[in-house]
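Structural features, examined
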Amino acid sequence: WANKQSHLRSYVYFTSYFGVQDFPVLLGVLLRYISFLGRSPITFKSASNMIGSVKWFCALLDPPSVKSFEAVLVTVSMKGLKAQLSRPVRQKLPITIEHLLKFYSMLNLGDPKQLAGWCAMLLAFFGCFRLSNLVPLSKSKFDHLKQLKRNDIVLDKDLVLVYYKWSKTNQNSSKVAWVPICKVKDDRFNLKKFLKKLFDDVKVDSDAPLFSFNKKEFHSRHSLTKLLDKCVYEAGMSLSDYSWHSFRRGAAMFAFELGLADSSVQLLGDWSSQAFKQYLEFSFLRKISVAETIAKNFNVQVKEM
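Residues numbered from 1 in each chain as written. Predicted model: local features only at pLDDT ≥ 70, side-chain atom pairs only at ≥ 80, totals over all residues. Heavy atoms only, no water.

You'll find the protein chain entered in an unreviewed UniProt entry as Tyr recombinase domain-containing protein, with Meganyctiphanes norvegica given as the organism.

1. Thoughts on the sheet that holds strand E3 (residues 177–182)
One open sheet holds the three strands; their spatial order is E1-E2-E3, and the pairing between them is antiparallel. Each end of this open sheet is capped by a strand with a single partner; those strands are strand E1 (153–156) and E3. Within the sheet, the average angular offset between the axes of one strand and its neighbour, ignoring direction, is 25°. With six bridges connecting them, strand E2 (residues 159–164) and E3 associate as antiparallel partners. Looking across to E3, one finds that Leu159 is bridged to Cys182. Contacting E1, E2 and E3, helix H8 (residues 191–201) runs over the sheet at an angle of about 120° to E1. (Pairing = 2+ DSSP bridges. Helix = DSSP H or I, 4+ residues; strand = E, 2+ residues; numbered from the N terminus. Axes fitted to C-alpha atoms, helices over the stretch in contact; angles between N-to-C directions. Contact = heavy atoms within 4.5 Å.)

2. Considering helix H9 (residues 221–234)
Its 14 residues give H9 an end-to-end C-alpha distance of 20 Å, which sits within 8% of 20 Å, the value for a rise of 1.5 Å per residue. Buried residues of H9: Ser223, Leu224, Leu227, Leu228, Cys231 and Val232, and no others. Buried residues along H9 sit in contact with helix H5 (97–106), helix H6 (112–126), helix H7 (131–134) and helix H10 (245–257). (Expected span 1.5 Å × (residues − 1). Buried < 20%, exposed > 50% of the residue type's maximum accessible area, 1.4 Å probe, protein only.)

Written as structure tokens, this is what we have:
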């Protein structure tokens, strides 16, 4: 339902901007919308889902106008859209431990805003959290159900417990659970230590946004993205190669390289399917290990013949 609402907003923004009728959906408007989506940085599947949602609302509001979606021109346009958008998706590169070390050295953790940003980075890596779980799109859109609050965090001995209420794959909050993040020995990555410092330095209500850096302000998607871009630039890395999603990919690859089962990696990142495998790459050492295992077992079987 949330996705359908989002798709409807996109369509209404389109019709409002160009000053055309939204409902009932006219064939000419639909063809223009398909053409418009062809210039968007999305996949064909996403574009198809967006058009499908418009058709769904169309069936509710004006059933006869659904015939517009069945026109031959629409079928031909969708084939063209598929050809146009079915291009290889350039994934963002993963954030590694080496990158985290560089970011740590660049940040001024005496500044509450940068301290909150560092806590967000550690949570994104060790908890494999999506950015939508951590902060809202803008400060006016903070949602107590979707984003983390101070009282969603419990600091318990060597654990940081995160109350997990909502995510992209858990939009009806059917999988409410505590996510544990264990302490690491290196204090530079001690999430519990930095969260405690943030809580001590910035006194806010228990239901305030987790990444509040003073009584009235907190991080949003824009401010965290700006902070990461600053770190990436100062580290001499390409801004086009990294985003906040790089933390998720980095965490998934790190877990995979440790030899954890696919099901464990899937659990870590809260993936509802095997889609996470597109993030994974075999390191050269892993390839050597596989090659050695094959050679070793080949030799054993040859001796038995």
